[in-house]
Every structure is written in structure tokens, then in C-alpha cells.
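# Overview (structure and organization)
Residue strings, one per chain:
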Amino acid sequence: MAHTVPDISLNDGNTIPQLGFGVYQIEPKDTAAAVSRALEIGYRHIDTAEMYGNEAEVGAAIRTSGLDRGEVFVTSKLNNGFHRPEDARKAFESTLSALKMDHIDLFLIHWPLPTRYDGDFVSTWKALEEFRRDGRARSIGVSNFQVPHLERLAAEADVVPAVNQIEVHPYLTNEQVRAYGDAHNILTEAWSPIAQGRVLDDPTIVDIAEQVGRTSAQVVLRWHVQRGDIVFPKSTTPKRIEENFRIFDFTLDDTAMERISGLDKGETGRTGPNPDVFDYIPA
Ligand SMILES: NC(=O)c1ccc[n+]([C@@H]2O[C@H](COP(=O)([O-])OP(=O)(O)OC[C@H]3O[C@@H](n4cnc5c(N)ncnc54)[C@H](OP(=O)(O)O)[C@@H]3O)[C@@H](O)[C@H]2O)c1
């Protein structure tokens, strides 16, 4: 079928829909409507976080959708103030209770915070391993981990993260971290996949969009999925929520793929903070 979203296998045997819907910067009052619209269109994967303040509204929209819980893949993330294992346990329970769910499909450490907590994200990760063991988190992963952070988990922990959710888009292709993931069976999830809109007017992308008769956003999202990454674009605009879903009925040829990858600006292409130094803890 033209618009079927592929399921990708995680290293723990579970599967994840390659395209989802992200809810960062969606106001709680607007979240249920946006998620409901996404579910109507066919999205079956929602990416939220305690930090976004809208887990309760995500859970409510899923409950009222008429879909079975098992049909929707839900991700949330541990907020930065809760890295100590005893705090992580409480925060995880709060996430489940805000979502009104007895389990979550994927739970991530949101940021490594290497300059906080004496650089100890390993004991935080071991708390997530507990959640996976007791079945309340079907899969566990990390977000914004750089290669040395992943190497440290490999040396000191038991479970290999199922995913690493990192900033990736045409201006920051983040190849080194992606390559580590490829080599170690950690799937890359590309956050801010259209760089919050910044890449959409790029002349190369506009040119390719004209050639294939698609929008810039569709071309960029298609580039991600052909690279094998998982994406969850955010929009509160119903037409865009639908447009972003329609990326499985065309392909980009190798030349187009290479032209888009060639837009990489390295570190200067980042739209978000550098994970090596980001140390924000919400008040
Ligand atoms: N782990 C992390 O640290 C982290 C960090 C950032 C994001 N994320 C996750 O990644 C998700 C996506 O990233 P993001 O929200 O930062 O940015 P994004 O998805 O790259 O871009 C969202 C922005 O692009 C606009 N947009 C969406 N579709 C469009 C289209 N078809 N045409 C034109 N404009 C369009 C949206 O506007 P409207 O809403 O006005 O339509 C919004 O301003 C987040 O929601 C979150 O789940 C994770």
C-alpha cells in the first residue's frame, strides 16, 4: 500500500514505525488535537518527553482515538533533573501515570549531561535497564549521546541502547554518531528532521522538490527514511501533518540523496545545543 509506514526491528526484537509524530513545543492545550489528527491520518508512533509538559495530553489523545494501546508506539524521555537512580525511578512512574499507561514502548535518557552528576550517566542507564527488566519499558535507549558516551555504556553496562535520538538534518548529517550506531546495532532517530523549517528554502532542496514534484519537507523526510533513520516531524498545522506522512510513495535517486547529504555544515549546522556541554536542568 502506498502510504504504509515500515516497521523497523530494534536490537531487542521489538519493532518501531519508522515515521512518527513529534510533540516538542506543542502547547499542552493544543496537543490532544494535534495527536488526534496525526492518529486519524495514520501515524502510529508518538514522540514525547517529560520536558515537553504534554505527556498527559498525548495519553488522552491515544485513549480517545479508539485504537488499541498496542497499535500505537509511544516514546518518552527522562528529564535532566532526574538522573540519580532513585529520582529516575520516580520520574519514570510519573511518566507512566501522566500517560495513564502501564508500560511505555520506548524510554530514553533525554540528554547525557556529561558535566553534571559527576559525569555518571551509567547509573542512570542502569535504572532504565531495571524498567526494561520489569517490562514497564518495552525498549530503552538514549538521546543526544556522542560516541564517547556510547562507548562508555558499552564498557560499563549490560544493555545496548535500542536507539540514539540525535539531531540530524541536511545541515547536520551527524555521520560519525550515526556510523557508531550502525556498527553497534543502535538505530538512529533523527530529531528536528527538517531543522525546524530552516532547510526548506535551501536552493538544492527546492530544486530536487521541483524535480520530483513534492514539497521540500517531503523530500527531506524521504532522504532520512532512505538513509534508514527514524523520524517524527512536528507540526500543529493539519495540512502539514498530512503532507509529512505522504513520503512512502516516491523515491529519491542516488544523485538527489548525495546532493542533500552534501549540504552538511558540520557543527555550525546545529540548531540545538551541543550535547558535550549542554547542562540545562529545568527549575
Ligand atoms: N531528543 C531531543 O533532544 C529532541 C530535541 C528536539 C526535538 N526532538 C523531537 O523531534 C521532533 C521533531 O523536531 P522539532 O519539533 O524540533 O522540529 P521539526 O520537526 O524539524 O520542525 C518542526 C517545525 O517545522 C514546521 N513544519 C512541519 N512540517 C512542515 C511542512 N511540511 N512544511 C513547512 N513547515 C513545516 C512546524 O511548523 P507548524 O507546527 O507551525 O506547522 C515547526 O515549526 C520533536 O517534536 C521531538 O519529538 C527531540
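What counts, and at which threshold
- Residues numbered from 1 in each chain as written.
- Predicted model: local features only at pLDDT ≥ 70, side-chain atom pairs only at ≥ 80, totals over all residues.
- Heavy atoms only, no water.
- UniProt positions renumbered as here; feature names shortened; annotations may be inferred.
- Helix = DSSP H or I, 4+ residues; strand = E, 2+ residues; numbered from the N terminus.
- Contact = heavy atoms within 4.5 Å.
- 1 Å grid on protein atoms, 1.4 Å probe; cavity = no way out; pocket = protein on both sides within 12 Å on 5 of 7 lines; lining within 4 Å.
- Points joined across faces, edges and corners; volume = space filled by probe spheres on them.
- Nonpolar A, V, L, I, M, F, W, Y, C, P; charged D, E, K, R; others polar.
- Phe/Tyr/Trp six-rings, centres within 6.5 Å; stacked < 30°, edge-to-face > 60°.
- Buried < 20%, exposed > 50% of the residue type's maximum accessible area, 1.4 Å probe, protein only.
- Lys NZ or Arg CZ within 6 Å of the ring centre and 35° of its normal.
- Near = heavy atom within 4 Å.
- Polar contact = N/O pair within 3.5 Å; in protein donor to acceptor, adjacent residues only side chain to side chain.
- Areas by Shrake-Rupley, 256 points an atom, 1.4 Å probe, with all protein chains shown as cover.
- Sits in = over half its atoms within 2 Å of the grid points.
- Axes fitted to C-alpha atoms, helices over the stretch in contact; angles between N-to-C directions.
- Parallel < 35°, antiparallel > 145°, perpendicular 65-115°, else oblique.
- Left-handed = near helix turned anticlockwise from the far one by under 90°.
- Pairing = 2+ DSSP bridges.
- Arc of directions from axis to C-beta.
- Lys, Arg positive; Asp, Glu negative; His and termini not counted.
- Salt bridge = Lys/Arg side-chain N within 4 Å of Asp/Glu carboxyl O.

As annotated in an unreviewed UniProt entry, the chain is 2,5-diketo-D-gluconate reductase A from Micromonospora matsumotoense. Under the UniProt heading Sequence similarities (unreviewed entry), the note attached to the chain is "Belongs to the aldo/keto reductase family."

The feature "site: Lowers pKa of active site Tyr" (unreviewed entry), as given by UniProt, occupies Lys77 in the numbering adopted here. Examined against the element boundaries, Lys77 turns out to sit in strand S5 (residues 73-78). Residue contacts for Lys77: discarding those within four places in its chain leaves Asp47, Thr48, Ala49, Glu50, Tyr52, Phe107, Leu108, His110 and Gln165.

On to empty space enclosed by the protein, then. A full pass over the atoms with the stated rule returns one cavity of 30 Å³ or more. Reported here for the largest cavity is a volume of approximately 40 Å³. Residue lining of the largest cavity: Asn144, Phe145, Gln146, Ile166, Glu167, Asn174, Trp191, Arg270 and Pro275, and that is the complete set. In terms of residue class, the lining of the largest cavity is built from four nonpolar, three polar and two charged.

Now for the packing of aromatic side chains. For any pair of aromatic rings, the description consists of the separation of the ring centres together with the inter-plane angle of the planes. One pass over the full model with this rule turns up 10 aromatic pairs. Seen from their ring centres, Trp111 and Trp191 are 6.3 Å apart, and the 65° between their planes marks the pair as edge-to-face. Linking Trp111 in the loop between strand S6 (104-109) and helix H4 (122-133) with Trp191 in strand S9 (residues 187-191), this pair joins segments that are 80 residues apart in sequence. With a centroid separation of 5.1 Å and 65° between ring planes, the pair formed by Phe121 and Phe145 is classed as edge-to-face. With Phe121 in the loop between S6 and H4 and Phe145 in the loop between strand S7 (137-143) and helix H5 (147-156), this pair connects stretches of sequence that are 24 residues apart. Take Phe145: its relative accessible area is 0%, and that puts it in the buried class. The residue whose ring lies beneath Arg152 is Phe121, and the NZ or CZ to ring-centre distance is 5.1 Å. Note that Lys265 overlies the ring of Tyr171, its terminal NZ or CZ placed 4.2 Å from the centroid.

Before going further, it helps to spend a moment on the site of the ligand. Around the ligand, the surrounding shell holds 28 residues, and the nearest of these are Asp47, Ser192, Lys234, Ser235 and Thr237. In this structure, Tyr52 approaches the ligand through a side-chain N or O atom, which is 3.5 Å from a nitrogen atom. Taking Ser192, its side chain carries an N or O atom lying 2.7 Å from an oxygen atom of the ligand. When the ligand sits alone it has 900 Å² of accessible area, and the protein chains cover 88% of it. More than half of the atoms of the ligand fall within 2 Å of the grid points belonging to the largest pocket. At three residues, helix H9 (residues 238-245) tops the list of elements feeding residues into the shell around the ligand. For the shell around the ligand, the per-class residue count stands at 12 nonpolar, 12 polar and four charged.

Contact geometry for helix H3 (residues 85-99) and H4: axes closest at 9 Å, N-to-C directions at 40°. Judged by the angle between their axes, H3 and H4 are oblique. As H3 runs across H4, the sense of the crossing is right-handed. Taking contact as the criterion, the partners of Pro85, Ala88, Arg89 and Phe92 in H3 are, on H4, Ser123, Ala127, Glu130 and Phe131. Its residues placed into classes, the contact of H3 with H4 shows five nonpolar, one polar and two charged.

Glancing now at the sheet that holds strand S10 (residues 230-231). Taken in spatial order, the eight strands make up an open sheet running S3-S4-S5-S6-S7-S8-S9-S10, and their pairing is parallel. Across the chains shown, the open sheet's two edge strands, defined by having one partner strand only, are strand S3 (21-22) and S10. Strand direction decides the pairing type here: strand S4 (residues 45-47) and S5, joined by three bridges, are parallel. Bridge pairing in S5 links His45 to Phe73.

Looking now at helix H10 (residues 254-261). Think of an α-helix as turning once every 3.6 residues; residues three or four places apart then point the same way. Looking at H10, one finds that the buried residues are Ala256, Met257 and Ile260. Mapping the buried residues of H10 onto a view down its axis gives an arc of 100°, with all of them on the same face. Structural note: H10 exposes Asp254, Thr255 and Glu258 on the side pointing more than 90 degrees away from its buried face. In this fold, the buried residues of H10 make contact with helix H7 (203-212) and helix H8 (216-227).

Moving on: the side chain of Asp202. Within the element layout of this structure, Asp202 appears in the loop between S9 and H7. Although Asp202 is buried, it makes no salt bridge; Lys265 carries the closest opposite charge, 5.6 Å away. Among all residues touching Asp202, those that are not within four sequence positions of it are Tyr171 and Leu263.

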